[in-house]
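The chain contents come next:
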Amino acid sequence: MSLKGKDFLTLKDFTGQEILDMVNLGIDLKTKLKAGIPTPILAGKSLGMIFQKASTRTRVSFEVGMYQLGGQALFLSSNDLQIGRGEPIQDTARVLSRYLDGILIRTFSHKEVEDLAEYADVPVINGLTDDYHPTQVIADLITIQEHKGHLKGIRFAYVGDGNNMTHSLMIGGAKTGMDVMVACPEGYMPNPEIVAQAKQYAAESGGSVTVIHDPKEAIAGADVVYTDTWASMGQEAEKEIRQKAFQGYQVDSAMMALAKPDAIFMHCLPAYRGYEVTDEVMVSAQWVVFDEAENRLHAHKAILATFL
Ligand code: CP
Ligand code: NVA
């Protein structure tokens, strides 16, 4: 069944096969780009991109991706839109739908993205909320596929804050048959409802999802070790408290040594060296981490091609 015209809000809404199709399309578009083969499949189409939080990768890769597909992207800062002065999201959705072929939004509350999607007549893409970051996970799955050759059966370890990345990685990993181990300190665990859903998806795919506190246990024998910032966008005021709470969760060389000898380290970026990861691990892993960042472009083109 075609996903054209649907929204891309969380990976919960897609089957494992649909997620794999996006991954494979991303790899195909990457190969074509490197071979110099043009792919103007969105010629004449426009994507509006509303950002209520900062972004380097998501903004630039969607903008360039849209251009490479023959279309156009408009960066819409919430400071400049009338949303910033109180125009309701419903009216914004209705109006933007009259001009655009798709809307990407990065914001705080996931409910706001759902509201936008409800009132927009064009596909809405979630570019990150406090609860989910699904576009990142398509790029992450492409990266794992490229470096490990498969997704099913991968031992995936996430260590750190139980945040939007944790949620989307658990769902994406579970749906594609990975064995996902998550370790977070008490008080910073992922949302238990999302954990329960991810466990259900894993039961259907033959994978598993395990959430614990001990980072060493999570990393032991892993193929992939993943971490993210301890203080996400919007949590800047909690930085110091969080740095204390996350002692023992830094991914350093000793932690990486517990994983499989050929394990890869991944990070959605931006990375804060000396906190969730050491400079040494970042330097030794840069060939994967920056492939992962590059794959945002290819993943986003696959998402745009699928939904627009
Ligand atoms: N990983 C990621 O989403 O990066 P940006 O915040 O720079 O878009
Ligand atoms: N968890 C981070 C991800 C940044 C891409 C945040 O929400 O700030």
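Residues numbered from 1 in each chain as written. Chains lettered and ligands numbered in written order. Predicted model: local features only at pLDDT ≥ 70, side-chain atom pairs only at ≥ 80, totals over all residues. Heavy atoms only, no water.

So, the overall build of the protein
Line of reasoning, step 1. The helix and strand inventory of the protein stands at 12 helices and 9 strands.
Line of reasoning, step 2. Every one of the 308 residues in the protein was classed for burial, and the buried ones make up 56%.
Line of reasoning, step 3. Carbon and sulfur atoms make up 52% of the accessible area of the protein, which amounts to about 12,800 Å² in all.
Line of reasoning, step 4. Distance between charge centroids for the protein: 3 Å, based on 28 positive and 39 negative side chains. (Helix = DSSP H or I, 4+ residues; strand = E, 2+ residues; numbered from the N terminus. Buried < 20%, exposed > 50% of the residue type's maximum accessible area, 1.4 Å probe, protein only. Areas by Shrake-Rupley, 256 points an atom, 1.4 Å probe, with all protein chains shown as cover. Lys, Arg positive; Asp, Glu negative; His and termini not counted. Charge placed at Lys NZ, Arg CZ, Asp CG, Glu CD.)

Here's the deal with the side chain of Asn164
Line of reasoning, step 1. On the secondary structure map, Asn164 appears in helix α6 (residues 164-175).
Line of reasoning, step 2. Look past the residues within four positions of Asn164 in its chain and what remains in contact with it is Leu128, Thr129, Asp130, Asp131, Tyr132, His133, Asp228 and Ser232. (Contact = heavy atoms within 4.5 Å.)

Quick word on the site of ligand 2
Line of reasoning, step 1. Contacts to ligand 2 come from Leu128, His133, Asn163, Asn164, Asp228, Thr229, Ser232, Met233 and Leu269.
Line of reasoning, step 2. Protein chains shield 94% of the accessible area of ligand 2, which is 270 Å² for the free molecule.
Line of reasoning, step 3. Among the detected pockets, ligand 2 sits in the largest pocket.
Line of reasoning, step 4. Each residue belonging to the shell around ligand 2 can be placed in one class, and the counts come to 3 nonpolar, 5 polar and 1 charged. (Near = heavy atom within 4 Å. 1 Å grid on protein atoms, 1.4 Å probe; cavity = no way out; pocket = protein on both sides within 12 Å on 5 of 7 lines; lining within 4 Å. Sits in = over half its atoms within 2 Å of the grid points. Nonpolar A, V, L, I, M, F, W, Y, C, P; charged D, E, K, R; others polar.)

Description of the packing of helix α1 (residues 16-34) against helix α12 (residues 286-307)
Line of reasoning, step 1. Remark: α1 packs on α12, axes separated minimally by 8 Å, with the N-to-C direction vectors making an angle of 115 degrees. The orientation of α1 with respect to α12, classified from their angle, is roughly perpendicular. Handedness of the crossing formed by α1 with α12: right-handed. Each of Met22, Leu25, Gly26, Leu29, Lys30, Leu33 and Lys34 in α1 lies in contact with α12, whose residues at this interface are Glu294, Asn295, Leu297, His298, Lys301, Ala302, Ile303, Ala305, Thr306 and Phe307.
Line of reasoning, step 2. By residue class, the composition of the contact of α1 with α12 is 9 nonpolar, 4 polar and 4 charged. (Axes fitted to C-alpha atoms, helices over the stretch in contact; angles between N-to-C directions. Parallel < 35°, antiparallel > 145°, perpendicular 65-115°, else oblique. Left-handed = near helix turned anticlockwise from the far one by under 90°.)

Things to note about the sheet that holds strand β6 (residues 179-183)
Line of reasoning, step 1. A sheet is described by the order of its strands in space; here 5 strands give the open sequence β7-β6-β5-β8-β9, paired in parallel fashion. Whereas interior strands pair on both sides, the edge strands pair on one side only; in this sheet they are β7 (208-212) and β9 (264-267). When strand polarity is set aside, the average angle formed by the axes of neighbouring strands in this sheet is 20 degrees.
Line of reasoning, step 2. In terms of strand pairing, β6 meets β7 through 5 bridges, oriented parallel. Looking at the pairing, Asp179 lines up with Ser208 of β7. (Pairing = 2+ DSSP bridges.)

Focus: the site of ligand 1
Line of reasoning, step 1. In the vicinity of ligand 1, the contacting residues are Ser55, Thr56, Arg57, Thr58, Arg106, His133, Gln136, Cys268, Leu269 and Arg296.
Line of reasoning, step 2. With respect to ligand 1, the backbone of Thr56 contributes an N or O atom lying 2.6 Å from an oxygen atom.
Line of reasoning, step 3. Burial of ligand 1 by the surrounding chains reaches 96%, relative to a free accessible area of 260 Å².
Line of reasoning, step 4. Under a 2 Å grid-point criterion requiring more than half of the atoms, the pocket assigned to ligand 1 is the largest pocket.
Line of reasoning, step 5. By residue class, the composition of the shell around ligand 1 is 2 nonpolar, 5 polar and 3 charged. (Polar contact = N/O pair within 3.5 Å; in protein donor to acceptor, adjacent residues only side chain to side chain.)

Points about the layout of surface pockets
Line of reasoning, step 1. Here the largest pocket defines a volume of roughly 520 Å³.
Line of reasoning, step 2. What lines the largest pocket is a set of 28 residues, and nearest its centre among them are Thr229, Ala231, Met233, Pro270 and Tyr272.
Line of reasoning, step 3. If you list the elements that add at least two residues to the lining of the largest pocket, you get α2 (57-68), α6 and α9 (239-245).
Line of reasoning, step 4. Across the lining of the largest pocket, the residue classes tally to 11 nonpolar, 9 polar and 8 charged. (Points joined across faces, edges and corners; volume = space filled by probe spheres on them.)

Looking at the side chain of Lys148
Line of reasoning, step 1. As for its position among the elements, Lys148 is in helix α5 (residues 134-148).
Line of reasoning, step 2. There is a polar contact of 2.7 Å between the side chain of Lys148 and the backbone oxygen of Asp262.
Line of reasoning, step 3. Those residues in contact with Lys148, other than ones at most four positions away along the chain, are Ile154, Asp223, Asp262, Ala263 and Ile264.

Quick word on unusual backbone geometry
Line of reasoning, step 1. Following Leu269, the chain continues into Pro270 via a peptide bond in cis, with omega recorded as 5 degrees.
Line of reasoning, step 2. Counting through the fold element by element, Pro270 comes out in the loop between β9 and α11 (279-284).
Line of reasoning, step 3. A positive phi angle, near 125 degrees, is found at Leu128, a position not held by glycine.
Line of reasoning, step 4. Take Leu128: it is sitting in the loop between β4 (124-126) and α5.
Line of reasoning, step 5. For Leu128, a relative accessible area of 6% gives the class buried.
Line of reasoning, step 6. Its identity as a non-glycine residue notwithstanding, Leu269 has a phi of 70 degrees, on the positive side.
Line of reasoning, step 7. Tracing the backbone through its elements, the reader meets Leu269 in the loop between β9 and α11.
Line of reasoning, step 8. On the basis of relative accessible area, Leu269 is assigned to the buried category, the value being 11%.

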